[in-house]
Each structure stands twice: as C-alpha cells, then as structure tokens.
Amino acid sequence: LLLGTDERTYDFSDAARSDAIMILSLNLKDSTAKLVSLERGMGVPILEGEYKGQYDWLTHTFRYGGADLMMREVRECFKVDVERYIRVNFATFKKGIEAVGGIDIELTAAEAGYVNEGTGLKKYTAGLNHLDGEAALVYARCRHIDSDWHRIERQRNVIQAVVTKT
C-alpha cells in the first residue's frame, strides 16, 4: 500500500490524512508491476476505534488508526490482501523527486498556471516542463482546476515519470 500523507513538516504525525492511496502489486516471476489508485473521498465503514461503525472518507481512516487501520480497511472493504505499506509525507515526497534530479511532466495550460501559483514562480508553461520536488508536489496535489479523479491521474503521472527516469 502506497500512502501519501498530508504533513507539511519533516515529521510524521498520527493525526495525518492519507491523501494519496495506491495499491502496488509486484510480480517477481515476470518482473511486472501494477498500480491501482483508490479515491480518497470514497465512503467506507470505519472498522475500529472511536468512530467504529460510522462511515467516513477513506482518507480519514488514516487519522483514526494510522497505516494499520488503512491496510485493514483496504483488506476488508476492497478484498485486497495488502501486507506492507510505504508512507511519504510532503517533505519526503519532495526529497524523493530531488533525489532523481526532478521529473519531466507534460502540463496543460491550467496545470501550468496552478503550479506557477503554488510555487510562486512564473516559469511553467503548457507543454513539457522539468519539475523540481516543490513543483511536483503542487502538481500532484492539484484538484481545484478539475477533479479528484484528475488529481489521481497526476499522482500516477509523477510515479511514472520517476520510474521512467530510474
């Protein structure tokens, strides 16, 4: 389970939400990988803790019980046997993008405007752009110009750009 949590510091917090939720399946026999995104705003039953029995967004289950509850929710609600998780927050996401030297992403005019606004720069335009960690984070979190479904697509674009680079 790949989890991107919304801490804006270097520290990881128990009070975070998981705003990026993906299932990564590795087939070591034929060296393939499959990645499936789960929409953070899906309603799920809370399976344990203070809110047990209530329905809430999938993203909030992390706040109610951390990665362990999130994995249990995925196992029981989606019938996927997740065994492990990787968690990144804003700081570790940016460091990861910087570690590979940034990524190349094709931006729409609306995305370029959003990234420019979010980074305080005016250097991004429609077309192929090289994004550093900060710009990649703004791009991956963008949902205000269209929808959460487009946001998921952007998150997958970032992962694909990193994989393609390495």
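Draft legend 1. Structural detail: the overall build of the protein. Assigned secondary structure in the protein consists of five helices and eight strands. When the elements of the protein are put in sequence order from the N terminus, they spell out β-β-β-β-β-α-β-α-β-α-β-α-α. Computed over the C-alpha atoms, the radius of gyration of the protein is 16 Å, within 12% of the 15 Å expected from 2.2 N^0.38 for a compact globule of 166 residues. Principal axes of the C-alpha set define a box for the protein whose edges measure 50 × 40 × 30 Å. Looking at the 166 residues of the protein, the share that counts as buried comes to 39%. Of the contacts formed within the protein by residues at least 6 apart in sequence, a portion of 52% connects residues at least 24 apart. About 9,400 Å² of surface is accessible on the protein, with carbon and sulfur atoms providing 52% of the total. Placing the 22 positive and 25 negative side-chain charges of the protein at their respective mean positions leaves the two points 1 Å apart.

Draft legend 2. Up close: empty space enclosed by the protein. Counting across every chain of the model gives one cavity of 30 Å³ or more. Of the voids in this model, the largest cavity is the one considered here, and its volume is about 40 Å³. Surrounding the largest cavity, D19, A20, I21, L38, E39, R40, D148, R151, I152 and Q155 form its lining. When residues of the lining of the largest cavity are traced back to their parent elements, those giving at least two are β2 (18-27) and α5 (148-165). A per-element tally of the lining of the largest cavity places α5 first, with four residues. For the lining of the largest cavity, a count of residues per class yields four nonpolar, one polar and five charged.

Draft legend 3. The nonpolar core, seen in detail. Core analysis: the biggest nonpolar cluster contains 18 residues, and I103 and L131 have the highest contact counts within it. Of all elements in the fold, only α2 (90-99), β7 (103-107), α3 (109-119), α4 (133-141) and α5 reach the threshold of two or more residues within this core. Beyond its immediate sequence surroundings of up to four residues, L131 is in contact with I97, G102, I103, I105, L107, Y124, A136 and Y139. Grouped together as the second largest cluster of nonpolar side chains are 14 residues, L3, A16, I23 and V74 included.

Draft legend 4. Up close: the packing of α4 against α5. Contact geometry for α4 and α5: axes closest at 7 Å, N-to-C directions at 145 degrees. For the pair α4 and α5, contact is made by A136, Y139, A140 and R141 and by R151, R154, Q155, N157 and V158, respectively. For the contact of α4 with α5, a count of residues per class yields four nonpolar, two polar and three charged.

Draft legend 5. Main features of the layout of surface pockets. Taken as a whole, the largest pocket holds about 610 Å³ of empty space. Forming the boundary of the largest pocket are 28 residues, of which G4, V88, F93, V158 and I159 lie nearest the centre. Contributions of two or more residues to the lining of the largest pocket are made by β1 (2-5), β2, β6 (86-88), α2, α4 and α5. No other element matches the six residues that α5 contributes to the lining of the largest pocket. Each residue belonging to the lining of the largest pocket can be placed in one class, and the counts come to 17 nonpolar, seven polar and four charged. In this structure, the second largest pocket spans a volume of roughly 350 Å³. Contributing to the lining of the second largest pocket are 13 residues, with L1, L24, S25, E83 and R84 lying nearest its centre. By residue number, the principal contributor to the lining of the second largest pocket is β2, which donates four residues.

Thresholds, definitions, all that
Residues numbered from 1 in each chain as written. Predicted model: local features only at pLDDT ≥ 70, side-chain atom pairs only at ≥ 80, totals over all residues. Heavy atoms only, no water. Helix = DSSP H or I, 4+ residues; strand = E, 2+ residues; numbered from the N terminus. Rg over C-alpha atoms; globule rule 2.2 N^0.38 Å. Buried < 20%, exposed > 50% of the residue type's maximum accessible area, 1.4 Å probe, protein only. Contact = heavy atoms within 4.5 Å. Areas by Shrake-Rupley, 256 points an atom, 1.4 Å probe, with all protein chains shown as cover. Lys, Arg positive; Asp, Glu negative; His and termini not counted. Charge placed at Lys NZ, Arg CZ, Asp CG, Glu CD. 1 Å grid on protein atoms, 1.4 Å probe; cavity = no way out; pocket = protein on both sides within 12 Å on 5 of 7 lines; lining within 4 Å. Points joined across faces, edges and corners; volume = space filled by probe spheres on them. Nonpolar A, V, L, I, M, F, W, Y, C, P; charged D, E, K, R; others polar. Core = buried A, V, L, I, M, F, W, Y, C linked by side-chain atoms within 4.5 Å. Axes fitted to C-alpha atoms, helices over the stretch in contact; angles between N-to-C directions.

Shape descriptors only; they carry no functional weight alone.
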